[in-house]
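Residues per chain are reported as follows:
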Amino acid sequence: MTTAQALVAFLARQYTERDGRRHRLISATWGIFGHGNVAGIGQALVEAGNGTGNAAGNGTGNSGSRNGDDDGDGHGNRTGRPRMPYLQGRNEQAMVHAAVGYARQSGRLSAHAVTTSIGPGATNLVTGAALATINHLPVLLLPGDTFATRPADPVLQQLEVPYAGDVSVNDCLRPVSRYFDRVTRPEALIPAALQAMRVLADPAETGAVTLALPQDVQAEAYDWPEEFFAERVWRVRRPAPDAAELEAAVRAVRSARRPLIVAGGGVRHSGAEETLAALTAATRIPVASTQAGKGALRHDHPADVGGVGHTGTATADELARTADLVIGVGTRYTDFTTASGTLFENPAVRFLNLNIAGFDAHKLAALPLVADARTGLEALTSALAGRGYRVDPAYETEYTGAKEAWEEQVEASFTTPDPTARPTQTQVLGLLDTLVTEDDILINAAGSLPGDLHKLWRTRSRDQYHVEYGYSCMGYEIPAAIGVLLATAAQERPRPVWALVGDGTYLMNPTEIVTAVQENLPLKLLILQNHGYASIGGLSEAVGGERFGTAYRHRDPDGGFTGPPLPVDLAANAASLGMRVLRATTVDDLRKALAEARSAEGPTCVYVETETPDTVSGPPPAQAWWDVPVAETASRPAAVTAREEYDRRVAARRHHL
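Parameters and conventions
- Residues numbered from 1 in each chain as written.
- Predicted model: local features only at pLDDT ≥ 70, side-chain atom pairs only at ≥ 80, totals over all residues.
- Heavy atoms only, no water.
- Helix = DSSP H or I, 4+ residues; strand = E, 2+ residues; numbered from the N terminus.
- Buried < 20%, exposed > 50% of the residue type's maximum accessible area, 1.4 Å probe, protein only.
- Contact = heavy atoms within 4.5 Å.
- Lys, Arg positive; Asp, Glu negative; His and termini not counted.
- Charge placed at Lys NZ, Arg CZ, Asp CG, Glu CD.
- Expected span 1.5 Å × (residues − 1).
- Arc of directions from axis to C-beta.
- Pairing = 2+ DSSP bridges.
- Salt bridge = Lys/Arg side-chain N within 4 Å of Asp/Glu carboxyl O.
- Phe/Tyr/Trp six-rings, centres within 6.5 Å; stacked < 30°, edge-to-face > 60°.

> A description of the overall build of the protein chain should follow, citing residues and the corresponding values.
From N to C terminus, the protein chain includes 24 helices and 21 strands. Dimensions of the protein chain, computed from the C-alpha atoms along their principal axes, are close to 75 × 70 × 55 Å. When each of the 657 residues of the protein chain is scored for burial, the buried share is 56%. Within the protein chain, contacts between residues at least 6 apart in sequence are counted, and of these 74% link residues at least 24 apart. Measuring between centres, the 60 positive side-chain charges of the protein chain sit 3 Å from its 75 negative side-chain charges.

> Just give me the short version of helix H24 (residues 637-650), but keep the residues and values in it.
The first and last C-alpha atoms of H24 sit 20 Å apart over 14 residues, in line with the 20 Å expected at 1.5 Å per residue. Taken together, the buried positions of H24 are Ala639, Ala642, Arg643 and Tyr646. Across the axial projection of H24, the buried residues extend over an arc of 105°, all falling on one side. Projecting away from the buried face of H24 at angles above 90 degrees are the exposed residues Pro637, Thr641, Glu644 and Arg648.

> Let's hear about the pairing of strand E8 (residues 208-214): which residues, and what values?
Burial analysis of E8 places seven of its seven residues in the buried class, which makes it a mostly covered element. Pairing of strand E6 (residues 139-145) with E8 involves five bridges; the strand directions are parallel. Paired with glycine 144 across the strands is leucine 213, a residue of E8. Both strand E7 (residues 179-182) and E8 contribute to a ladder of four bridges, which runs parallel. Paired with phenylalanine 180 across the two strands is threonine 210, which belongs to E8.

> How would you sum up the environment of threonine 338? Please name residues and give values.
Within the fold, threonine 338 resides in helix H12 (residues 335-338). Distance from threonine 338 to alanine 575, taken between C-alpha atoms, is 42 Å for residues 237 residues apart in sequence. Excluding anything up to four places from it in sequence, threonine 338 contacts Tyr333, Leu343 and Phe344.

> How would you explain unusual backbone geometry if you had to name every residue and give the values?
Residue proline 154 is bonded to the preceding aspartate 153 through a cis peptide linkage, with omega at 10°. Inspection of the secondary structure puts proline 154 in the loop between E6 and E7. Within the chain, alanine 339 stands out as a residue other than glycine whose phi angle is a positive 55°. Note that alanine 339 resides in the loop between H12 and strand E14 (350-355). Residue arginine 547 is not a glycine yet carries a positive backbone phi of 60°. Looking at the secondary structure, you find arginine 547 in the loop between helix H21 (534-542) and helix H22 (570-576).

> Give me the lowdown on the pattern of salt bridges, citing residues and values where you can.
Any two side chains of opposite charge can pair, given that their charged atoms come close. Scanning all chains against the criterion turns up 43 salt bridges. Across the salt bridge formed by arginine 422 and glutamate 611, the nearest N and O atoms sit 3.4 Å from each other. Here arginine 422 is found in the loop between helix H15 (393-414) and helix H16 (425-435), whereas its partner glutamate 611 is found in the loop between strand E21 (604-609) and H24, with 189 residues between them in sequence. The exposure class assigned to arginine 422 is partly exposed, which follows from its relative accessible area of 34%. Connected through salt bridges with shared partners, the residues Arg18, Asp19, Arg238, Asp372, Arg374 and Glu378 form a single ionic network.

> Explain the environment of alanine 219 to me, using residue names and the numbers behind them.
By the element assignment, alanine 219 lies in helix H7 (residues 215-219). Taking the C-alpha atoms as reference points, alanine 219 and cysteine 473, 254 residues apart in sequence, are found 35 Å from one another. Ignoring anything within four residues of it in the chain, the contact list for alanine 219 reads Thr2 and Ala39.

> Residues and numbers for the packing of aromatic side chains, please.
By the definition in use, this model includes twelve aromatic pairs. Aromatic side chains phenylalanine 10 and phenylalanine 228 sit 4.5 Å apart centroid to centroid with 10° between the ring planes, which places their arrangement in the stacked category. Pair noted here: phenylalanine 10 is in helix H1 (residues 3-11) and phenylalanine 228 is in the loop between H7 and strand E9 (232-235), with a separation of 218 residues, a long-range link. Measuring from centroid to centroid gives 5.3 Å for phenylalanine 344 and phenylalanine 351, while their planes differ by 85°, and the two rings are edge-to-face. As far as burial versus exposure is concerned, phenylalanine 344 and phenylalanine 351 are alike and both buried. Each member of the aromatic cluster is reached from another via a ring pair, and the members are Phe10, Tyr222, Trp224, Phe228 and Phe229.

Structure, rendered in structure tokens:
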């Protein structure tokens with residue numbers, strides 16, 4: 001077998017197992033082909049059951065029952081090898097985003113591989129790789145590389161580095177990968193592939209994994225040991241907490257009068273939602289959530305107080321300001337969560353961090369509880385139950401009352417009194433809120449929508465809220481929705497999957513609409529047209545930047561961008577890529593269009609131009625600060641005023657030691 005054939009055959013026999021359930025680790029491979037991978041990985045994928053040839057076997061090879069499935073998972077081919085399904089992408093970055101969406105929806109227990117040619121195809125992976133690694137989500141990257149044997153030097157698309165002969169553009173993937181190796185000999189694939197699987201399946205280490213594959217090595221044949229192709233099961237650990245750390249955690253909780261749980265993405269990755277609910281039922285400790293942790297409790301759970309931090313609710317942020325113990329569960333404590341170090345104001349505040357990664361467990365000088373989120377919560381709940389801990393009833397009454405008051409603000413933001421008016425962005429969310437059930441999944445990543453969603457959205461299920469805010473990458477939503485749809489395809493009932501994007505995000509990366517059309521995936525794309533980078537426009541105004549360069553408008557005579565809006569028709573663009581498009585101009589139009597899109601069986605776009613919000617229909621303002629440095633010296637009044645506010649805010653920052 002060639003190196004590429006061996007790699008594909010190896011990947012098809014890798015599994016994860018957690019809680020007694022087995023999952024295919026690499027369930028499909030995305031690919032765009034060029035000279036760096038077409039004759040290697042590309043040919044190997046044909047061998048793995050994706051061929052369209054005749055003499056060696058007619059048919060597309062897409063049916064496990066027809067193709068000799070030898071491992072019972074529906075992925076087989078006529079050679080007796082498990083097959084590796086192939087997915088066709090249009091943009092390399094987007095393929096990684098789709099793979100990340102798939103991995104998140106699959107609970108990090110199943111992932112996709114992504115193969116590219118050398119050169120720009122490979123470097124296009126970098127943004128997606130950074131997103132995967134920052135969010136601790138597994139994806140296997142297989143970029144082609146220049147010749148290992150160097151028969152000609154340089155070859156097409158090769159980066160020449162005068163001081164090093166062994167550097168290629170793929171080295172830019174090193175800092176954004178959790179594991180990187182360049183396979184310069186066929187036999188070197190064996191240890192590299194095993195290490196790659198180890199990292200992908202490790203809940204504390206997972207992220208982007210890169211195996212750079214020189215194009216000549218991909219096509220080189222080698223006599224492989226049969227053991228390399230044996231089925232391997234990588235057990236996803238649920239490490240229990242250390243007894244001494246657990247005892248210290250119990251003491252900290254029992255001594256707290258105003259504890260607050262901050263639920264992060266680790267709750268979801270561990271499947272610890274029910275365990276968290278059991279802890280709150282026993283102790284009545286309120287639960288705030290990060291962007292990644294939203295949905296850890298349903299919005300109507302008595303202990304759920306909503307998002308925390310710069311985009312959080314007034315309820316959660318006030319509890320954070322007065323908390324004497326903050327219990328972080330699976331969170332990285334980004335600056336949005338901590339309000340850039342200004343949120344946790346209580347002079348006596350201490351931190352207890354339950355995290356599977358020791359690196360995160362020790363943040364903010366916390367008491368560490370290094371463990372799987374579900375296992376750790378179970379142990380903590382059991383230990384506290386034996387000692388009868390529960391928060392003071394007055395504290396419970398305080399936060400439940402504050403939650404009710406916040407809900408009134410949500411209702412005011414969502415209300416659409418005039419059905420003939422053009423809706424604001426929050427009113428769009430309000431109309432969607434009346435339509436969805438716990439089956440729906442919402443995907444978003446950047447702009448002003450993450451803030452509105454974190455503050456206002458009423459999450460109905462553990463996986464409904466899919467906002468990528470670790471990297472906040474514009475262009476993530478559409479391909480990620482495709483990955484989510486692929487992950488949910490095997491479920492008993494179809495799940496409506498919504499990609500929510502603004503016009504700025506749409507223009508960044510609409511290419512995978514073509515993939516959704518090709519696969520006839522029922523993607524529901526909601527485009528909100530507000531003629532520019534609305535989120536950064538607001539931020540620019542707040543920090544003295546005067547909304548410079550944030551509006552999509554014609555130039556004015558003075559050289560600025562204050563002319564009429566650009567005549568860009570994003571609905572027509574989506575239609576040209578094959579989507580069915582429903583245009584909505586009023587609240588009533590939008591209500592009907594959303595309902596029609598939700599029931600559609602194919603890819604459908606709803607396009608609406610939103611109204612600029614006012615103090616009545618807009619979202620509540622930020623409930624906590626975010627540090628964006630302001631010019632220390634400036635001649636323009638806007639920047640001078642913004643700096644005065646910045647100096648006032650930054651004085652409240654503290655280091656938790």
